[in-house]
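Close look at the chain arrangement
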Amino acid sequence: MNLSKLTTNEVANLLKASTGKAREELLALMAADKRKVIKRLVISCQKDELKQASLWHEHQRLSNFERKIRRAGFTLVAGLDESGRGALAGPLVAAAVVLPTDEYIPGLRDCKQVSAGQREQLYQIVTQVAIGWEAVVVDSEIIDEMGIHREMVLTLLTEESQGVSLPSVSDY
């Protein structure tokens, strides 16, 4: 294929549509192209691939604990996340979710490590694929009274659910 006869938009569209070995071959051709815009596309693609690989490795690292729990006989493991600090920073928001075994959602991690836009996208994906989920907002007055600790958050998640019933679907 002679890329020099294609516009940069045509090359970019080819890249978007390509996968596997064809993508690798196209990237090699693009790397040899003399146009700076095409070289920047290659660099951007390589950075994106590194980011995706990093996300996958982080997912694998974070999944180690869940795999240990599953080996112990539990099948439906809930993940828990919270954000907020109580009286000084307003309410605490806590959520728990059970995802299908080995479900991979790129970018899913601690809510404080993602932007508001990413959180909204992840929310849409998670609530669609989840076996069950719950979320609760705890006022700062309750936190001042009870304190913040894991047991309190778990209790509130089971008592004040705003999602699909988690206790009926999780066993850890």
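Preceding block: the structure.
Since the model is a prediction, treat every value here as computed from it, not as a measurement.

On to the pattern of salt bridges, then. One pass over the full model with this rule turns up seven salt bridges. The salt bridge involving Lys112 is made with Glu82; its shortest N-O contact spans 3.7 Å. Taken together, the positions of Lys112 in the loop between strand E2 (92-98) and helix H4 (116-129) and Glu82 in strand E1 (residues 78-83) put the pair 30 residues apart, joining distant regions of the chain. The class of Glu82 is partly exposed, set by a relative accessible area of 31%. A salt bridge links Asp110 to Lys112; the shortest N-O distance between them is 3.3 Å.

Below, the discussion takes up the packing of helix H2 (residues 20-32) against helix H3 (residues 36-71). Running from N to C, H2 and H3 point in directions that differ by 140°, and their axes come no closer than 8 Å. Taken together, the axis directions place H2 and H3 in an arrangement best described as oblique. For H2 against H3, the interelement crossing comes out left-handed. In contact with Arg23, Leu27, Met30, Ala31 and Ala32 of H2, H3 contributes Ile38, Lys39, Leu41, Val42, Cys45 and Glu49.

Below, the discussion takes up the pairing of strand E3 (residues 132-138). Burial analysis of E3 places six of its seven residues in the buried class, the great majority of the element. As judged from the seven bridges shared by E2 and E3, these two strands associate in the antiparallel manner. Across the sheet, Ala94 pairs through a bridge with Val136, a residue of E3.

Definitions and limits used
Counting restarts for each chain, with residues numbered from 1 along the sequence as it is written. Local features in a predicted model are, by the rule used here, given only for residues with pLDDT of at least 70; side-chain atom pairs are given and counted only at 80 or more, and totals for whole chains, interfaces and linings are based on all residues. Only hydrogens and water are set aside when side-chain values are computed; all heavy atoms of the structure are taken into account. Definition used for salt bridges: Asp or Glu carboxyl oxygen within 4 Å of a side-chain nitrogen of Lys or Arg. The helix count covers DSSP runs of H or I at least four residues long, the strand count covers runs of E at least two residues long, and both are numbered beginning at the N terminus. Remark: exposure states derive from per-residue accessible area (1.4 Å probe, protein chains only) relative to the maximum for the residue type, with buried under 20%, exposed over 50%, and partly exposed in between. To obtain an axis, a line is fitted to C-alpha atoms, over the contacting stretch when the element is a helix, and the angle between two such axes runs from 0 to 180 degrees between their N-to-C directions. The scheme is simple: roughly parallel for angles under 35 degrees, roughly antiparallel for over 145, roughly perpendicular for 65 to 115, oblique for anything else. Put simply, a crossing is left-handed when the front helix is turned counterclockwise from the back one by less than a right angle, and right-handed when it is turned clockwise. Here, residues are in contact when the closest pair of their heavy atoms is within 4.5 Å. Pairs of strands are assigned from DSSP output, requiring at least two bridges between the strands.

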